[in-house]
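Single-letter residue listing:
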Amino acid sequence: MSSSSPLLLDVDLQLGRVPMVRAGDGPSWTAGHRDALRAVVAEHGAVLVRGLGLRDAAEVVEVFRGLATAGLMTEREGFAERQTYAEGVYSSSKWPPNQPMCMHHELSYRLEFPGVMLFACLSAPAKGGATGVADSTAVLDALPGDLVERLEREGWTLVRNYNEEIGASLAQAFGTEDHGAIESYCRTNAIEFEWQPDGGLHTRQRRSAVVRHPVTGRRCWFNQIAFLNEWTLDPEVREFLVDTYGAEGLPFTTRFGGGEPIGEDVVQLLNEVYEAKTVREPWQAGDLLLVDNIGSAHSREPFTGPREVLVGMADPVRLADCSPTVEVDAG
């Protein structure tokens, strides 16, 4: 099935697959079709552009900059290491290829986050590795009402323990190792912090789990409750981390907004609902994917073989403009 967007792009719509547009004329094609592509993203939540033939990082940087209507963002508070190609353009997060990255909304624990995510595939894996997409309103509607009501009321809390051994370092997460600058950032961004005797940093930040899309007004399940929870980790990985750092010293986990642990059953339920609402399309080298970061969650499936996907975070949106259900006290 196909349909035409308001700006006359022919969109291939197939059940279980990401909406697709076939491009012509190489990477320069995007320059004349930015508004049309953004209209497709607004209507469908995501669009895969095939046929651009993107070949290297320089082409990707040019395309990303041309598609961003309000500029590319510098990542802060990242959870894993990335390679930086240009300001606002990064490698995919360093994550074991045999482990999935479950559904999440990029940087949804920040007070300002990307409105649109841009992905470009320079090298497709031999098997797996698709970037799945799930409609956040459909996910919200499929969740139990009592769980949604609780999380709307309480919000969710991200708990992090920064160290130099695993995950993003202080410099990678905050752009500096200066304790004073990090403390200032935390106060400004409503993050509780405590320095540890070994020089590590413990942080807690409470955020809304449900927001309203600033353009469409739709209620959206918008968080990283499942993705950053310890129960999403491979059982052997979780056991190793608990043995090494203790239950309170995990690099990251999530809790209910009131501080209570989120059980394995809840995390499993969230991931099952995400999976039921996921659409996917295997990467081909040269592909471009645009995702509405509020209206859609995204994931990365396990893969084998080399995979090079570049990431851009575009058009920053403030949480305060999304009808948050939990108030934050930013300094």
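Please read these numbers as outputs of a predicted model, since none were measured by experiment.

Q: How would you explain the overall build of the protein chain if you had to name every residue and give the values?
A: Across its full length, the protein chain holds 8 helices and 21 strands. For 331 residues, the compact-globule estimate of 2.2 N^0.38 gives 20 Å, and the protein chain sits close to it at 19 Å. With the C-alpha coordinates aligned to their principal axes, the bounding extent of the protein chain is approximately 60 × 40 × 40 Å. Counting across all 331 residues of the protein chain, residues that qualify as buried make up 53%. Of the contacts formed within the protein chain by residues at least 6 apart in sequence, a portion of 79% connects residues at least 24 apart. Surface exposure of the protein chain reaches about 14,300 Å², of which carbon and sulfur atoms provide 49%. Measuring between centres, the 29 positive side-chain charges of the protein chain sit 3 Å from its 48 negative side-chain charges.

Q: Help me get a handle on the pairing of strand S18 (residues 288-292), residues and values and all.
A: In terms of burial, S18 is largely enclosed, as 5 of its 5 residues are buried. By the alternation rule, side chains of S18 split into Leu288, Leu290 and Asp292 and Leu289 and Val291, which are all buried. For strand S4 (residues 46-50) and S18, the ladder comprises 4 bridges, and the chain directions are antiparallel. From the neighbouring strand, Val49 faces S18, where its bridge partner is Leu288. Sheet topology note: the strand S8 (residues 112-123)/S18 ladder contains 5 bridges and is antiparallel. Looking across to S18, one finds that Met117 is bridged to Val291.

Q: I'd like a rundown of helix H1 (residues 34-44), residues and numbers included.
A: Every α-helical turn comprises 3.6 residues, leaving residues that sit three or four positions apart pointing alike. Of all the positions in H1, only Ala36, Leu37, Arg38, Ala39, Val40 and Val41 are classed as buried. If you follow the buried residues of H1, they end up packed against strand S2 (10-12), S4, helix H2 (57-67), S8, S18 and strand S21 (308-318). Taken from the residues just after H1, Gly45 is the one with a positive phi, measuring 90°.

Q: Which residues make up the sheet that holds strand S19 (residues 296-300), and what are the values?
A: Judged by pairing direction, the sheet is antiparallel, and its 4 strands sit side by side in the order S7-S19-S10-S17 without closing on themselves. Both edges of this open sheet fall to strand S7 (101-104) and strand S17 (278-279), since each of them pairs with a single strand only. Alignment of strand S10 (residues 133-135) against S17, held across 2 bridges, turns out to be antiparallel. Paired with Ala134 across the bridge in S17 is Thr278.

Q: Requested: an account of the packing of aromatic side chains, with residues and values cited.
A: The geometry of an aromatic ring pair is captured by the separation of the ring centres together with the interplanar angle, meaning the angle of the planes. Applying the stated criterion to the full structure yields 7 aromatic pairs. Look at Phe79 and Phe227: their rings are 5.1 Å apart centre to centre, the planes differ by 85°, and that puts the pair in the edge-to-face class. In this pair, Phe79 is assigned in the loop between H2 and strand S5 (84-86) and Phe227 in the loop between strand S15 (219-221) and helix H7 (235-245), connecting sequence segments 148 residues apart. Of the two residues examined, Phe79 and Phe227, each falls in the buried class. Seen in terms of ring centroids, Tyr162 and Phe174 are 5.3 Å apart; in terms of plane orientation they differ by 50°. Their pairing is tilted.

Q: Can you break down the environment of Gly155 residue by residue, with the values?
A: Structurally, Gly155 is set in the loop between helix H4 (145-154) and strand S11 (156-162). A relative accessible area of 0% places Gly155 in the buried class. Once the C-alpha coordinates of Gly155 and Asn223 are considered, the two residues, 68 residues apart in sequence, prove to be 9.4 Å apart. Look past the residues within four positions of Gly155 in its chain and what remains in contact with it is Arg150, Arg207, Ser208, Ala209, Phe256, Gly257 and Val326.

Q: I'd like a description of the pattern of salt bridges, backed by residues and values.
A: A full pass over the atoms with the stated rule returns 21 salt bridges. Glu154 is the salt-bridge partner of Arg153, the closest N and O atoms lying 3.9 Å from each other. For Glu275, the salt bridge is made with Arg280, and the minimal N-O distance between the two is 3.3 Å. You can call Glu275 partly exposed: its relative accessible area is 45%. Look at Arg280 and you get partly exposed, because its relative accessible area is 27%. One network of salt bridges, with partners in common, ties together Glu149, Arg150, Arg153, Glu154 and Glu260.

Q: Go over the sheet that holds strand S12 (residues 192-195) with me, naming the residues and quoting the values.
A: A sheet is described by the order of its strands in space; here 4 strands give the open sequence S12-S13-S11-S16, paired in antiparallel fashion. In this open sheet, the two edge strands, each paired with only one partner strand, are S12 and strand S16 (252-256). Taking each pair of neighbouring strands and ignoring which way they run, the sheet shows an average axis angle of 15°. Two strands pair when backbone bridges link them, and S11 and S16 are joined in this way by 5 bridges, in the antiparallel orientation. Residue pairing in the sheet places Trp156 in a bridge with Phe256 of S16. Running at roughly 100° to S16, H4 makes contact with S11, strand S13 (201-207) and S16 of the sheet. Contacting S12 and S13, helix H6 (residues 179-188) crosses the sheet at an angle of about 155° to S12.

Reading the values: rules and limits
- Residues numbered from 1 in each chain as written.
- Predicted model: local features only at pLDDT ≥ 70, side-chain atom pairs only at ≥ 80, totals over all residues.
- Heavy atoms only, no water.
- Helix = DSSP H or I, 4+ residues; strand = E, 2+ residues; numbered from the N terminus.
- Rg over C-alpha atoms; globule rule 2.2 N^0.38 Å.
- Buried < 20%, exposed > 50% of the residue type's maximum accessible area, 1.4 Å probe, protein only.
- Contact = heavy atoms within 4.5 Å.
- Areas by Shrake-Rupley, 256 points an atom, 1.4 Å probe, with all protein chains shown as cover.
- Lys, Arg positive; Asp, Glu negative; His and termini not counted.
- Charge placed at Lys NZ, Arg CZ, Asp CG, Glu CD.
- Pairing = 2+ DSSP bridges.
- Phe/Tyr/Trp six-rings, centres within 6.5 Å; stacked < 30°, edge-to-face > 60°.
- Salt bridge = Lys/Arg side-chain N within 4 Å of Asp/Glu carboxyl O.
- Axes fitted to C-alpha atoms, helices over the stretch in contact; angles between N-to-C directions.

Treat this as a map of the structure, not an account of what it does.
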